[in-house]
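Results of the structural survey
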Amino acid sequence: ELLADPVLVEDVTFSSISNKDQIALASKPKKLEFVVDANRIERNEVDLYDEFKRGNLSKQQCTDLARETAHSLSGIAFWPRLILDDTTVIDSRHYGDGNHQKSHWQTVLPIMAGRPVP
C-alpha cells in the first residue's frame, strides 16, 4: 500500500533524447517530497487486515501485522508509464491514482528487455 501520493521523478521524451535542452534538464538535481497522510495509513491498515485475514491468521495476528505494516516503509518504488501515442498508454501501476496492484513486473520486464518481448 502507498503511504503518499505518487510523485513524478523523471519525464523522458525519447524522440528528443539527444536534444541538449533535454539533457540539461535531466542533469539538474530535483528535490522530491512525499507527504505521508494519516488518513491513508488508516485505510491501508483496514486493507492490510483484510489481506492478512485471507491468509488464515488469527484476528490478533491480523490486527498486529496490519498496524505494524501500515505504519512502516519498506522502500520507494518506481513505476514506469510509457506513452506511445495519444491513445496508447502503458501504465504499470494505475498511474495518477496509485491504486494497489499485486505486481508491476509484467509491465517492467518487457520494457527492460534488450529486444521486444511478445
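Throughout what follows, the structure given in this document is the object of discussion. (Residues numbered from 1 in each chain as written. Predicted model: local features only at pLDDT ≥ 70, side-chain atom pairs only at ≥ 80, totals over all residues. Heavy atoms only, no water.)

**As for the nonpolar core**
- Formed by Leu3, Ile41, Leu48, Ala66 and Ala70, the largest nonpolar core amounts to five residues.
- Sequence-distant contacts of leucine 3, defined by excluding residues within four places in its chain, comprise Val35, Val36, Asp37, Arg40, Ile41, Asn44, Ala70, Ser72 and Leu73. (Core = buried A, V, L, I, M, F, W, Y, C linked by side-chain atoms within 4.5 Å. Buried < 20%, exposed > 50% of the residue type's maximum accessible area, 1.4 Å probe, protein only. Contact = heavy atoms within 4.5 Å.)

**What about the packing of helix α2 (residues 38-53) against helix α3 (residues 59-70)?**
- Packing of α2 against α3 brings their axes to within 8 Å, and their N-to-C directions diverge by 140 degrees. As the angle between them shows, α2 and α3 are arranged oblique. Taken as a pair, α2 and α3 cross one another with a handedness that is right-handed. Where α2 abuts α3, its residues Ile41, Asn44, Glu45, Leu48, Tyr49, Phe52 and Lys53 lie against Lys59, Cys62, Thr63, Leu65, Ala66, Arg67, Thr69 and Ala70.
- Looking at the contact of α2 with α3 residue by residue, the classes come out as eight nonpolar, three polar and four charged. (Axes fitted to C-alpha atoms, helices over the stretch in contact; angles between N-to-C directions. Helix = DSSP H or I, 4+ residues; strand = E, 2+ residues; numbered from the N terminus. Parallel < 35°, antiparallel > 145°, perpendicular 65-115°, else oblique. Left-handed = near helix turned anticlockwise from the far one by under 90°. Nonpolar A, V, L, I, M, F, W, Y, C, P; charged D, E, K, R; others polar.)

**Brief notes about α3**
- In a regular helix each residue adds 1.5 Å, so twelve residues correspond to 16 Å; α3 covers 16 Å between its end C-alpha atoms and thus fits that length.
- Cys62, Ala66 and Ala70 are the residues of α3 that are buried. All buried residues of α3 fall inside an arc of 40 degrees around its axis, so they share one side. Exposed side of α3, more than 90 degrees from the buried face: Gln60 and Glu68 are the residues found there.
- Structurally, α3 contributes buried residues whose contacts are with α2. (Expected span 1.5 Å × (residues − 1). Arc of directions from axis to C-beta.)

**Structural notes on α2**
- Relative to the 22 Å expected for 16 residues at 1.5 Å per residue, α2 spans 23 Å between its end C-alpha atoms, a close match to the ideal helical length.
- Looking at the buried residues of α2, the elements they touch are α3.

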